[in-house]
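# Examining the three-dimensional arrangement
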Amino acid sequence: MEKIANTTESYRYLNTDMKFSYAILRRDGLVKHSYLAKGKFMALSNLKNHIKKHINIAASVMSGNLGNEKTLVFKICDGPLQFPAMRNAAYHMTENNRALINAFYGT
């Protein structure tokens, strides 16, 4: 990591922060943020079966912007994956893409 971090943006390559996410599961139905997914969602592990198709996914943001102002690349996750999933939000700017750009780690 130190070898490739010898750049002006070394923070992109040195993984020195401990990051975590958490969930509090309650039985009484009380929630801080309610979210009801509408429609069908596909697992990221099945992306290769849906090339050039419009699909719905539900995932957590696992990084900040890994690209620049023009590329807007984010790592996303919906559970254990064999390969990391990246989302390029620069194309087809929609309300959903704006939500991804403003999302914090783990949301």
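This text gives an overview of the structure that appears in the document.

A separate point is the overall build of the protein chain. In terms of regular secondary structure, the protein chain is built from one helix and three strands. Across the protein chain, helices and strands are ordered from the amino to the carboxyl terminus as β-β-β-α. A buried classification covers 12% of the 107 residues belonging to the protein chain. For the protein chain, restricting intrachain contacts to residue pairs at least 6 apart in sequence, the fraction spanning at least 24 positions comes to 30%.

Moving on: the sheet that holds strand β1 (residues 60-61). Read from one edge to the other, the open sheet built from three strands follows the order β1-β2-β3, with strand pairing classed as antiparallel. Whereas interior strands pair on both sides, the edge strands pair on one side only; in this sheet they are β1 and β3 (85-88). Of the strand pairs in this sheet, β1 and strand β2 (residues 73-77) are connected by two bridges, and their pairing is antiparallel. Within β2, the residue paired with Ser 60 across the bridge is Cys 77. Contacts from helix α1 (residues 95-102) reach β1, β2 and β3, with the element oriented near 90 degrees to β2.

Nonpolar side chains in soluble globular proteins tend to end up buried together. Core analysis: the biggest nonpolar cluster contains eight residues, these being Leu 44, Val 61, Leu 72, Phe 74, Ile 76, Ala 85, Ala 89 and Leu 100. Each residue touching Ala 85, except ones within four places of it in the same chain, is listed here: Leu 44, Phe 74, Lys 75 and Ile 76.

Cut-off values and rules
- Residues numbered from 1 in each chain as written.
- Predicted model: local features only at pLDDT ≥ 70, side-chain atom pairs only at ≥ 80, totals over all residues.
- Heavy atoms only, no water.
- Helix = DSSP H or I, 4+ residues; strand = E, 2+ residues; numbered from the N terminus.
- Buried < 20%, exposed > 50% of the residue type's maximum accessible area, 1.4 Å probe, protein only.
- Contact = heavy atoms within 4.5 Å.
- Pairing = 2+ DSSP bridges.
- Axes fitted to C-alpha atoms, helices over the stretch in contact; angles between N-to-C directions.
- Core = buried A, V, L, I, M, F, W, Y, C linked by side-chain atoms within 4.5 Å.

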